[in-house]
Amino acid sequence: MEAATTVAGGRSVLERSPAGRLPDQVLKWGLTALAAAILVLLAYFFIRLVGQSGNVFSTYGLKFVFGNDWDVSRNIYHGGALVAGTLITSAIALLIGVPVAVASALFIAEMCPRRLRGPLSVLVDLLAAVPSVVYGLWGVFVLCPHLLPAEKWFASTFSFIPWIGGGVPALYNYFIAGLILAIMILPIVSAISREVIATVPAENKEAALALGATRWEMIRMAVLPYSRPGITGGAMLGLGRAIGETIAVVLVIGNAPVIGKHLFSQGYTLAAVIANEFGEATGIHTSALFASGLVLFVLTLIVNMIARWFVTRGAHGTRGTGATGMTIASGPASET
Amino acid sequence: MSATQIPQISTRRRRTDKLMRGSLFAGTMIALIPLILIIFYLLQRGLGSWSKSFFTTDPTGSFFGNPGGIRSAILGSLEIVAVATLISIPVGIGVALYLTEYGKQSWFANTVRYFVDVMTGVPSIMFGLFIYIVLVLAHVGGSGFAGWKGSVALALLMLPIVIRSAEVVLLLVPSSLREAALALGAPRWRVITRVVLPTARSGLVTGSLLAVARGMGETAPLLFTVAVAFGVTGNLNQQMNTLPIQIYTDIQSPRSEIVARAWGGALTLVVLVLIFNVVARAVARRSRMA
């Protein structure tokens, strides 16, 4: 450097003054702190939740999760029925929702005329825009009363099948809750499946067709094997939603803290018990509700981690921040 | 030309093909049935309870007599969501900027990304519980349940949506633009505020509006933070009435007039959510044409 190109302090004229560098540093560390705050917040949340529910686990131990005796009047809180209810309703939701979602995704992506592709996607995505309280309202006043006769017929006709027949269907029951959950997870499973199916290379599909495969054989041999991990991941994300859904479920599950004997009996879920009993809870009851929240939190965490592993594996090397990331984040409605 | 004739596909294969294509079509139709039913019942039962007084009076809260309208619920929802938006959008875009402009693929940035993904999977009720433990139980701000605490819970819920969508959009800004600005001697913060953010503006607006639409319809977080009220209040440090909570409590009423108000409120809520969704899509479409 020649003397002419330096200014006072011995720095080059090309260098910024210390005051000029300041805003850059402030912005950089400010944004970094913001990002770090998210991690701190989540960790703090977890610690506080564990702290609030600690005395429940020290009182009941693992019985809180596996014991089947939730009785507010006797102040005993063994949440096995809640865990069972959560798993039963989520399983029903997956059994009904995923086949329909994948079928609609395959139809929209592979079969329907190109002109209909956009409008059909928008219609399926619209289901995601309906708030859960509206699903609950519709479930209570439309679905439950209208389906009850059909449920009664089904339960008596197929009474020889264990777990389905053998009881009188209740107005609010596992099946209704699972059905509503199926409708609620449909858009996200469908949207992720559509995105994954869109990544199937055209060469694979054309090769199958060129070898004489029919449309369905092409889907079965070229599309499904390639997109299976992604679809599995989408289904798992749907499962995560189903496990955590609160308001729609609390209205149609019947809120009975017992493990129902059959498909059409009343039950309870972890999320529902929190929303329903939170208002009048005191003392260890409150802690039990927080502990239910902790179990719910851990359950959804595990399911989501597995889901993400599948989705990123199914994305075939593309980074997670791609289009799939956006759908996961904001729900299918973001797919414009 | 018999030498080049393609052998016929067997009847069995053709039948399977037809059957499976038929069931895929049927699956799509089945997926649309609930949507049609929900829209039908919302319009049928919701429109009936819409009237001028429905939107201009507050719920009376009394079981007998005139149940009142939903004015305070609409205003409360808009207020709480507005505050939640004011919190979540700057923070969310800030974190997204960190991820795209500074963190990139560093381990710390990837950790943040991972936990933001984890946040999207956290059930909405958990954010309500969190705020209940941290802010409501501790009586922060001198009151238990309060409107602003609901805003914070909704902001937490909206945050991962904003971050993820903003990151996707910011990554689309060509790096040649950033490099050009840096080569002209602009400091980083100017590059971000004058080049990166304006270029990505419409995408950021779309993501934010979708987050707002999501926050608008959430019930569970408000249940634990805002509780229930009837009148209009501009004071965010008090309990407030919100549309989702109003619907939720109305559903459980045995009186048909109050249930009718739930349908009217639900229609209003769906219309509000749809408005944000449609505007978001319109913004996204316009930016694609430009």
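Check the secondary structure of chain B and you find 12 helices and zero strands. The N-to-C order of helical and strand elements in chain B reads α-α-α-α-α-α-α-α-α-α-α-α. A compact globule built from 290 residues would reach a C-alpha radius of gyration of about 19 Å, whereas chain B, at 25 Å, exceeds it by more than 25%. A principal-axis box enclosing the C-alpha atoms of chain B has dimensions of 85 × 65 × 35 Å. Buried positions account for 49% of the 290 residues belonging to chain B. The long-range fraction of contacts in chain B, counting pairs at least 24 apart against all pairs at least 6 apart in sequence, stands at 74%.

So, about the interface of chain B and chain A. At the junction of the two partners, chain B supplies 80 residues and chain A supplies 77 residues. The biggest single contributor to the side of chain B that touches chain A is helix H1 (residues 11-49) of chain B, with 18 residues. Here the residues of the side of chain B that touches chain A are counted per class, giving 55 nonpolar, 14 polar and 11 charged.

Now for the confidence of the model for chain A. In the predicted model, chain A carries a mean pLDDT of 86, and the fraction of residues at 70 or more is 91%. Note that pLDDT drops below 50 for residues 317-326 of chain A; the model gives that stretch 18 contacts with residues more than four away or on any other chain.

Judged by nonpolar contacts, the single largest core of 190 residues is most densely connected at A:Leu137, A:Ile180, A:Val252, A:Ala275 and B:Ala266. For this core, the element with the most residues is helix H6 (residues 174-198) of chain A, which contributes 18 residues. For A:Ile180, the residues in contact, after removing those within four places along its chain, are A:Tyr135, A:Gly139, A:Leu143, A:Ala248 and A:Val252.

Residue and element names in this part refer to chain A. Covered by surrounding structure in strand S2 (residues 76-79) are Tyr-77 and Gly-79 only, the residues Ile-76 and His-78 on the alternate face being uncovered. Where strand S1 (residues 68-71) and S2 come together, four bridges link them in antiparallel fashion. Residue pairing in the sheet places Asp-69 in a bridge with His-78 of S2. Connecting S1 to the next strand, S2, in antiparallel fashion are four residues, including Asn-75 with a positive phi near 60°.

Residues and elements named next belong to chain A. Orientation of H6 relative to helix H8 (residues 215-244), taken along the N-to-C sense of each, is 150°, at an axis distance of 8 Å. With respect to H8, the axis of H6 lies roughly antiparallel. Judged by the sense of rotation from one axis to the other, the crossing of H6 with H8 is right-handed. Residue-level contacts link Leu-181, Met-184, Ile-185, Ile-188, Val-189, Ile-192, Ser-193, Val-196 and Ile-197 of H6 to Val-223, Ser-227, Gly-230, Ile-231, Gly-233, Gly-234, Ala-235, Leu-237, Gly-238, Arg-241 and Ala-242 of H8. Looking at the contact of H6 with H8 residue by residue, the classes come out as 13 nonpolar, six polar and one charged.

Another point: the environment of B:Leu210. With respect to the helices and strands, the residue B:Leu210 is situated in helix H9 (residues 201-216). With 45 residues separating them in the primary sequence, B:Leu210 and B:Ser165 have C-alpha atoms 9.3 Å apart.

Let us look at unusual backbone geometry. Residues and elements named next belong to chain A. In this structure, Asn-75 takes a positive phi of about 60° despite not being glycine. With 10 C-beta atoms counted inside 10 Å, the residue Asn-75 sits in the exposed group. Positive phi values are uncommon outside glycine, yet Asn-255 reaches one of about 55°. Position of Asn-255 relative to the elements: it lies in the loop between helix H9 (247-252) and helix H10 (270-277).

How each quantity is defined
Residues numbered from 1 in each chain as written. Chains lettered and ligands numbered in written order. Predicted model: local features only at pLDDT ≥ 70, side-chain atom pairs only at ≥ 80, totals over all residues. Helix = DSSP H or I, 4+ residues; strand = E, 2+ residues; numbered from the N terminus. Rg over C-alpha atoms; globule rule 2.2 N^0.38 Å. Buried ≥ 20, exposed ≤ 12 C-beta atoms within 10 Å, placed from the backbone. Contact = placed C-beta atoms within 7 Å. Nonpolar A, V, L, I, M, F, W, Y, C, P; charged D, E, K, R; others polar. pLDDT = per-residue confidence, 0-100. Core = buried A, V, L, I, M, F, W, Y, C linked by C-beta atoms within 7 Å. Pairing = 2+ DSSP bridges. Axes fitted to C-alpha atoms, helices over the stretch in contact; angles between N-to-C directions. Parallel < 35°, antiparallel > 145°, perpendicular 65-115°, else oblique. Left-handed = near helix turned anticlockwise from the far one by under 90°.

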